[in-house]
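Here's the letter readout for the chains.
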Amino acid sequence: MRYSLKSSFTRWVVGLLFAVLALTIMGRVVAVSGAIAYCDGFPFCIPTHPLGWLQQAHVVLVGIASILMLIVFRKAWQEQREQRILLPLTTILAVMFFGQALVGAMQVIQSYPAHLVFLHQLTTIALWVSLAMLVYASGVLTVDKPDAPKLNFSQRIKDFFAFPSH
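The text that follows walks through the structure, step by step, so that each part is easy to find. Remember, it's a predicted structure, so these values are computed and weren't measured experimentally.

Procedures and definitions
Residues numbered from 1 in each chain as written. Predicted model: local features only at pLDDT ≥ 70, side-chain atom pairs only at ≥ 80, totals over all residues. Heavy atoms only, no water. Helix = DSSP H or I, 4+ residues; strand = E, 2+ residues; numbered from the N terminus. Buried < 20%, exposed > 50% of the residue type's maximum accessible area, 1.4 Å probe, protein only. Contact = heavy atoms within 4.5 Å. Core = buried A, V, L, I, M, F, W, Y, C linked by side-chain atoms within 4.5 Å. 1 Å grid on protein atoms, 1.4 Å probe; cavity = no way out; pocket = protein on both sides within 12 Å on 5 of 7 lines; lining within 4 Å. Points joined across faces, edges and corners; volume = space filled by probe spheres on them. Nonpolar A, V, L, I, M, F, W, Y, C, P; charged D, E, K, R; others polar. Expected span 1.5 Å × (residues − 1).

Here we come to the side chain of Gln-56. One can find Gln-56 in helix α2 (residues 52-79). Under the relative-accessibility criterion, Gln-56 is labelled buried at 11%. Once you skip the residues sitting within four places of it in the chain, Gln-56 turns out to touch Cys-39, Pro-43, Phe-44, Cys-45 and Pro-47.

Here it is as structure tokens:
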């Protein structure tokens, strides 16, 4: 098996990888620089110092990465639903990503309690493990289909709870 970027799904996953990388780096810069103190508010604030713009950049990157995550999640359920590895891995990644965003938002709202900061760091590690696995698996397993099937909601619900027996 060779890794390939020929599939559009794989290219979207790699784009998500770079967005999450930028998001993670910016989050670390915000934490180390103390930019949190110069931009208090959720989700947006008025920075009181140039460092406050780093916090705003982090929030914007969360928005960009969230849109990419939703696109990848949708493409997985539309185009890769027969894949027994890609579909659950993408679903797990989406749940972890939005859980991570929720923990980050709760940190801001509750003035950064230590237990949420620790949880945010732990979920970052788990997010990166599953993202790395999805990047690899999508490059090896994904095959583009000429036309994605139309949305059949009842079939999607059945697929969510049980895999097709192929």
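Leu-16 and Leu-134 are the most contacted members of the largest nonpolar core, which totals 25 residues. Per-element accounting of this core gives the leading share, 8 residues, to helix α1 (residues 8-33). What Leu-134 contacts, discounting residues up to four positions off in sequence, is Phe-9, Val-13, Val-72, Leu-86, Leu-89, Thr-90 and Leu-93.

Its boundaries defined by the atoms lining it, the largest pocket holds a volume of some 760 Å³. Taken together, 29 residues form the lining of the largest pocket, with Gly-27, His-58, Gly-104, Gln-107 and His-120 sitting closest to its centre. The residue makeup of the lining of the largest pocket, split by class, is 16 nonpolar, 12 polar and 1 charged.

As a further point, take helix α3 (residues 86-109). For α3, which comprises 24 residues, the first-to-last C-alpha distance of 34 Å matches the rise-based estimate of 34 Å (1.5 Å per residue) to within 8%. Just downstream of α3 lies Ser-111, where phi reads positive at about 60°.

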